[in-house]
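Secondary and tertiary structure notes
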Amino acid sequence: MMLGSVLMVFGILQFWPSFRKKHPKAHRMIGGVYIVAALLSMSMYHLIHTGADQTYGEFTFFFGLWMLAIGVVLSIALATYYIKKREILRHMGWQALGFGFLLTAPVQRLNWIVLPYFFAPYTTFNEMNYLVNVCLLIEVLLVSYLLFHINRDALHPRTKYATLPLMSVHPSRVVPTMMTGLLVLCGVGCIAWSAVWPSFAQHAAAMRIFPATLIQADQAVYANHLLNLTYVGSVLVILTLLGAWHRQRALFVAKHGIYVMFAACLVSVAVLWQWALMFGMPSHQTSAGGTFFAMAGALTLLFALLAVWNHRKQQYFLLNENLRFLLAVVIAPTLVYPAIYLVNTIQLVPERFWLLGHAYQISVIAAALTPLVLAYLYTVYNAIPSRTNAAA
């Protein structure tokens, strides 16, 4: 409890731009104490000797705690590495990510306080925890991005931001090729989703590691082929326009493709939220229920609105950033089946937790979180060439 209080207070001070600017020595001293407190708070010894069966929330929460512990240690190590190299933005990005991971406890408790006002009459506390488990890591990642965004904007306008890409190869050739390949794969995934695996019942790995009640609920949701085709069509439109944006950004802006994309996003959001309603609340029968679809719809709407806003304000660098996150959100549902296959292949979830729905929770968390983390890291490593309104 004491370490947690120290981390919260010192973390807030570290990400307070005016404090950091006025008191650089205090910022460095507090940073050292913050690092020590963060590392001491990671109870890996407890996790090793407790195990999933004795952890509240069992395997999903146990696995999440391990991911948080590894994430905090990795974030602190890389933040320290980059500050020694005087690469301020990358240091800031990794510190924001690490602090976001440390915020899981207060964010989780905030969820427990707020969500029952909306859902308590319809579900038990344990079932409510299914919802919290799926949302939690995505929420803290968004907090990390917000902290990074605020502190990046607080830097001096003439600051030269880091320009090195994630890969050592020149980005002008590698990144567009990788992006095009990703868009094509996601398009193929959408078509395969509607034509080959319209439900978990057609997926051998899902049949093996998911409870029968979840399979039945999923079949009922995807029985409406019109909804399936509507969603796939809207996603293909979004992916096509994202490809146009990535290859010819000036043309994309001039032709107002952003508004066509926004309309397609609204269609996909409507379908995702309809699926969420059909799946229903988290329960012992449906595991996380419609939480994944509700979250995917909300994030699609959020980043589509931000993209339109920054387009209207001619803030094209931020528009590019919004569209990267939009891509990450849009492709998440197509990653559910690869995540299921991976969870089954590597036997990530012990068999005793299969009928409790933990394999499904891990699969949808991985599908939602992985592209968002990649979008965040791309943002941290991507340059802001200047504070102008010129299209990137």
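Scroll up for the structure.
Residues numbered from 1 in each chain as written. Predicted model: local features only at pLDDT ≥ 70, side-chain atom pairs only at ≥ 80, totals over all residues. Heavy atoms only, no water.

Re helix α16 (residues 291-312)
- In this model α16 runs 32 Å from its N-terminal to its C-terminal C-alpha over 22 residues, within 8% of the 32 Å that 1.5 Å per residue would give.
- Note on α16: the residue one or two positions beyond its end, Q314, has a positive phi of about 60°. (Helix = DSSP H or I, 4+ residues; strand = E, 2+ residues; numbered from the N terminus. Expected span 1.5 Å × (residues − 1).)

Regarding the environment of D153
- Along the chain, D153 turns up in helix α9 (residues 125-154).
- Along the chain, D153 and P17 lie 136 residues apart, while their C-alpha atoms are 9.5 Å from each other.

Here we look at helix α7 (residues 104-114)
- Turning to α7, its buried residues are T104, V107, Q108 and N111. One face of α7 carries all of its buried residues, which in axial projection span an arc of 100°. (Buried < 20%, exposed > 50% of the residue type's maximum accessible area, 1.4 Å probe, protein only. Arc of directions from axis to C-beta.)

Focus: the packing of helix α12 (residues 212-221) against helix α15 (residues 257-279)
- With their axes 9 Å apart at the nearest point, α12 and α15 run at an angle of 140° to one another. By the criterion of interaxial angle, the relationship of α12 to α15 is oblique. Read as a crossing pair, α12 and α15 show a hand that is right-handed. Between α12, through L214, A217, D218, A220 and V221, and α15, the contact on the second element is made entirely by W275, M278 and F279.
- Counted by class, the contact of α12 with α15 contains 7 nonpolar, no polar and 1 charged residues. (Axes fitted to C-alpha atoms, helices over the stretch in contact; angles between N-to-C directions. Parallel < 35°, antiparallel > 145°, perpendicular 65-115°, else oblique. Left-handed = near helix turned anticlockwise from the far one by under 90°. Contact = heavy atoms within 4.5 Å. Nonpolar A, V, L, I, M, F, W, Y, C, P; charged D, E, K, R; others polar.)

Here's the deal with the pattern of salt bridges
- In this structure the tally under the stated criterion is 3 salt bridges.
- The salt bridge partner of K85 is E87, with a shortest N-O separation of 3.6 Å.
- On the accessibility criterion, E87 (18% relative accessible area) is buried.
- Across the salt bridge formed by R90 and E87, the nearest N and O atoms sit 3.3 Å from each other.
- Given the relative accessible area of 4%, R90 is considered buried. (Salt bridge = Lys/Arg side-chain N within 4 Å of Asp/Glu carboxyl O.)

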